[in-house]
Amino acid sequence: EEVCLRLNVDATVPPDSHPAPAPIESFTDMNLHASIMKDIAFHGYTTPTSIQAQSMPVALSGRDLLGCAETGSGKTAAFTIPMIQHCLAQPPIRRGDGPLALVLAPTRELAQQIEKEVKAFSRSLDSFRTAIVVGGTNISEQRSELRAGVNIVVATPGRFIDHLQQGNTSLSRISFVVLDEADRMLDMGFEPQIREVMQNLPKKHQTLLFSATMPVEIEELAQEYLTNPVRVKVGKVSS
Ligand code: ADP
Ligand code: MG
């Protein structure tokens, strides 16, 4: 089956200097894998929201993204759909492999919502596995899931670092990272854990950072860990 995994961009230009791709008008504008398209429809999404229209083509083009949008604007699908598509372009996961993509979110509840959406948009894909790694739940079950090999890990920063330190997972294959609700993660004191992850990623990776507010701490984090990011802003956003 022939799958076009990227939007058409000039391959002779390094990915971080391509012009930002134009917003999409429809989910059909992105050459998404047929299974993902089917799952989007099954999930009941017919039209992309503003943050989705602007962020998805950027994420699919390989550029880093700094997304600023209020709660309820549809950020989850804005990153989960490109993340799944990204994973499909990588060599398949085998037992013992580290994940291809990582989402860090501030709370267990948020991570669970994100995992639900990842599962919804990958339900028709064969052997596409996602693990959720959060505190307050059985760590040994999470360990076996991680060791079996997963495409995507959705995690809270503290528990993810615990698993890294125990050697249950690794950063070695990660090429796509999402920091969701980054402002809340900083408010909750997760900056050391975020830095620990970001500093030890493989050199070649893409980062999407979403935040409802843009305080100076977020600008600094973006400055440090994002490469020439495309900025996407939806609604009124305070600093
Ligand atoms: P955010 O992360 O920005 O707070 P969510 O991703 O949680 O927003 O989405 C908010 C609500 O909007 C959810 O109930 C979600 O299912 C719904 N939603 C998101 N995108 C779409 C869409 N394209 N069409 C219809 N509903 C959507
Ligand atoms: Mg959200």
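Residues numbered from 1 in each chain as written. Chains lettered and ligands numbered in written order. Predicted model: local features only at pLDDT ≥ 70, side-chain atom pairs only at ≥ 80, totals over all residues. Heavy atoms only, no water.

(A) Looking closely at the overall build of the protein chain. Along the protein chain, the regular secondary structure elements total nine helices and seven strands. The principal-axis extents of the C-alpha atoms in the protein chain amount to approximately 45 × 45 × 35 Å. When burial is assessed residue by residue, the protein chain has 53% of its 239 residues classed as buried. Counted over contacts in the protein chain with a minimum sequence separation of 6, partners at least 24 positions apart contribute 75%. When the accessible surface of the protein chain is summed, it comes to about 11000 Å², and 48% of that surface belongs to carbon and sulfur atoms. (Helix = DSSP H or I, 4+ residues; strand = E, 2+ residues; numbered from the N terminus. Buried < 20%, exposed > 50% of the residue type's maximum accessible area, 1.4 Å probe, protein only. Contact = heavy atoms within 4.5 Å. Areas by Shrake-Rupley, 256 points an atom, 1.4 Å probe, with all protein chains shown as cover.)

(B) Representation of the sheet that holds strand E2 (residues 101-104) in the model. If you walk across this open sheet you meet the seven strands as E3-E4-E2-E5-E6-E1-E7, and the pairing is parallel. Looking at the sheet topology across the chains shown, the edges are occupied by strand E3 (130-133) and strand E7 (230-234). The mean inter-strand angle of the sheet, taken between neighbouring strand axes irrespective of direction, is 15°. In the packing of helix H3 (residues 75-88) onto the sheet, contacts are made with strand E1 (65-69), E2, strand E4 (152-155), strand E5 (176-179) and strand E6 (206-211), and the angle to E5 comes to roughly 170°. (Pairing = 2+ DSSP bridges. Axes fitted to C-alpha atoms, helices over the stretch in contact; angles between N-to-C directions.)

(C) Local environment of the environment of Val 134. By the element assignment, Val 134 lies in the loop between E3 and helix H5 (139-148). C-alpha of Val 134 to C-alpha of Ala 22: the two residues are 112 residues apart in sequence and 36 Å apart in space. If we ignore the near neighbours within four places in the chain, the residues touching Val 134 are Arg 108, Ala 111, Gln 142, Thr 156 and Arg 159.

(D) The arrangement of the UniProt feature "short sequence motif: Q motif" (unreviewed entry) in the protein chain in detail. In the numbering used here, UniProt assigns the "short sequence motif: Q motif" (unreviewed entry) feature to residues 25-53. As annotated, residues 25-53 comprises 48% helix and 0% strand, and the C-alpha atoms at either end are separated by 6 Å. (UniProt positions renumbered as here; feature names shortened; annotations may be inferred.)

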